[in-house]
Number of protein chains: 2
Amino acid sequence: MASKAIQSETQRAKLERKERAILDAARTIFVDHGFDGARMQEIARSAGIGEGTIYSYYDSKAELMLAVLQQFWDGLTLEAEGVMASVQATDFFGRLEALAQYHLNTVIVNADFINLTFALRRNNSEVSVSRDHLRHYVAVFDQLFLRGQDRGELRADAVLWQARDIFYGSLEYSARSIEMTMAADRSTRAQQPVVDGMVALFRSHYGVGGIGATTDKADLASLESRLDHLSAQIGSLSDRLPGS
Amino acid sequence: MASKAIQSETQRAKLERKERAILDAARTIFVDHGFDGARMQEIARSAGIGEGTIYSYYDSKAELMLAVLQQFWDGLTLEAEGVMASVQATDFFGRLEALAQYHLNTVIVNADFINLTFALRRNNSEVSVSRDHLRHYVAVFDQLFLRGQDRGELRADAVLWQARDIFYGSLEYSARSIEMTMAADRSTRAQQPVVDGMVALFRSHYGVGGIGATTDKADLASLESRLDHLSAQIGSLSDRLPGS
DNA sequence: AAGGCTAATTGAATAGCATTCGATATTTTC
DNA sequence: GAAAATATCGAATGCTATTCAATTAGCCTT
């Protein structure tokens, strides 16, 4: 009896160890060579098993990749939660900055996996990273945002999903821009302006009134009249220009 | 002499016609079956040529796909320019709404191609849609934005590339959200809130303080930078004036 | 316009790879 | 401890992109 239970325990452990080995090998090789470039043979060899054996763990190369991707997203979620747990800032915008910093860097470093996550859906319509994994990841932002609203730091009428699309969408696109324009320099230095811009955007669009101390109306009025004057000048200059 | 010229013309025309046939066939089949699902044999058959002939026009399946993608992006650029040319609104925000509407719908309808554009880079590192094609496409936004700044509708200190990342990034991400959450309903009705949100965001974050009448430091800074901008304009206009 | 020369076209042969499958080894059960 | 069940293996299969030797069509000279 006891031996039977023990046996199946060690057997299960053995299988799980082997599955981890496959997954680890697959992750490394997918990262190194991309999906198409990865050879099942090499994954098998690297995991120390026969080629055919992989197929008793995963039905296809695509499903193996899927498992790798899900593990990857779970890891990201944990990391993001870790960032939120360890950041000292208690205000919304300070915490948002930390999350933006983490996310942007992550997206740049793991661009391959991010792309594959959405490319897989196309190539093999049966296989795609489950919505739950992605939803779990973005839940970190959702929590932060809702807490900001509860604490009155954010406008109560702000719409969560819009803010989420803006946050993750802009950062992902920025990551691509950084990748394309500064292939070499992907340091924090290159990323900081993007992060700052994102925080500023949330401050002005979702932030509740706050610090913007109202200035002297007189200053403003004087500036405005200067402006009107200049505008009129430009108009007359433009008309006198020969080219136009 | 004359016949020679005419002959080579017709010969060139013939080759170009054949190339178009290949491209058309490839586009249809890539759309229907995706990159991996598309068979070179079927593309050849559909184009009315032998399998091997494709390879005297394109070096590989990936390069054929690349050509299709570039044609696709060129088409998008033309369409976007067309939208900008035909929209009645003359103010920045009205025109931005039109562009957002067009882009969001396009991204949803052509999600496959959009994804493949960035997925190809991974699969085959030698082949990727040229930056110029993408840059040309986003130039439509750039122009609109710069004009808005010139006309004083947008804060002069707004940063173009940040605004661009926010615009295209958010819309692309929103498209994915719409795809994932409302697989069935991708109508304008589902898209309108996203477009409205984008316009509202640009209004509050980049717009120059309008009716709100809340005069805070941001407004002041914005007026000052508008002023600087106009001064510079006047300077350059004065220089170009013949009389002076 | 005939014939030689070049470029284009073809589809059968090649080669690379994911996946299958019959044979073999290991574990579980009684 | 042997039979049944399960796991592993890697050679064989099947499917495709790609190549290539043979063939055809276009072009130019005389």
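Residues numbered from 1 in each chain as written. Chains lettered and ligands numbered in written order. Predicted model: local features only at pLDDT ≥ 70, side-chain atom pairs only at ≥ 80, totals over all residues.

## Description of the overall build of chain A
A tally of regular secondary structure across chain A gives 10 helices and zero strands. When the helices and strands of chain A are read in sequence order from the N terminus, they spell out α-α-α-α-α-α-α-α-α-α. Counting over 244 residues, chain A shows a buried share of 30%. At a minimum sequence separation of 6, the contacts of chain A that also span at least 24 residues come to 66%. (Helix = DSSP H or I, 4+ residues; strand = E, 2+ residues; numbered from the N terminus. Buried ≥ 20, exposed ≤ 12 C-beta atoms within 10 Å, placed from the backbone. Contact = placed C-beta atoms within 7 Å.)

## Re the domain arrangement of chain A
Buried accessible area, meaning the area lost when the parts come together, often serves as the stated size of an interface. All names here are of chain A. Here chain A is described as being made up of domain 1 (1-59) and domain 2 (68-240). Contacts between the two partners involve seven residues from domain 1, matched on the other side by four residues from domain 2. Residues that form the side of domain 1 that touches domain 2 fall into these classes: five nonpolar, one polar and one charged. (Domains from an automatic or database assignment. Nonpolar A, V, L, I, M, F, W, Y, C, P; charged D, E, K, R; others polar.)

## Overview of the packing of helix H5 (residues 92-109) of chain B against helix H7 (residues 131-150) of chain B
Residue and element names in this part refer to chain B. Closest axis-to-axis distance for the H5/H7 pair is 10 Å, and the angle between their directions is 170°. With respect to their mutual orientation, H5 and H7 come out roughly antiparallel. Along its contact with H5, which presents Phe92, Arg95, Leu96 and Leu99, the element H7 presents Val140, Phe141, Leu144 and Gly148. Looking at side-chain class alone, the contact of H5 with H7 contains six nonpolar, one polar and one charged residues. (Axes fitted to C-alpha atoms, helices over the stretch in contact; angles between N-to-C directions. Parallel < 35°, antiparallel > 145°, perpendicular 65-115°, else oblique.)

## Here we look at the nonpolar core
With 103 residues, the main nonpolar core has Met65(A), Leu69(A) and Met65(B) as its most contacted residues. Ignoring anything within four residues of it in the chain, the contact list for Leu69(A) reads Phe113(A), Leu116(A), Thr117(A) and Val129(A). (Core = buried A, V, L, I, M, F, W, Y, C linked by C-beta atoms within 7 Å.)

## A short note on helix H5 (residues 92-109) of chain A
End to end, H5(A) covers 26 Å across 18 residues, agreeing with the expected 26 Å (1.5 Å per residue, within 8%). For H5(A), the full list of buried residues reads Phe92(A), Leu96(A), Leu99(A), Ala100(A), Gln101(A), His103(A), Leu104(A), Val107(A) and Ile108(A). (Expected span 1.5 Å × (residues − 1).)

## Notes on the confidence of the model for chain A
Residue and element names in this part refer to chain A. Scored by pLDDT, chain A has a mean of 84; 77% of the residues are at 70 or more. In this model, residues 1-6 is a region of pLDDT below 50 whose contacts with residues beyond four sequence positions or in other chains number zero contacts. Confidence drops under a pLDDT of 50 for residues 210-219, and excluding neighbours within four residues, the segment shows 14 contacts in the predicted structure. (pLDDT = per-residue confidence, 0-100.)

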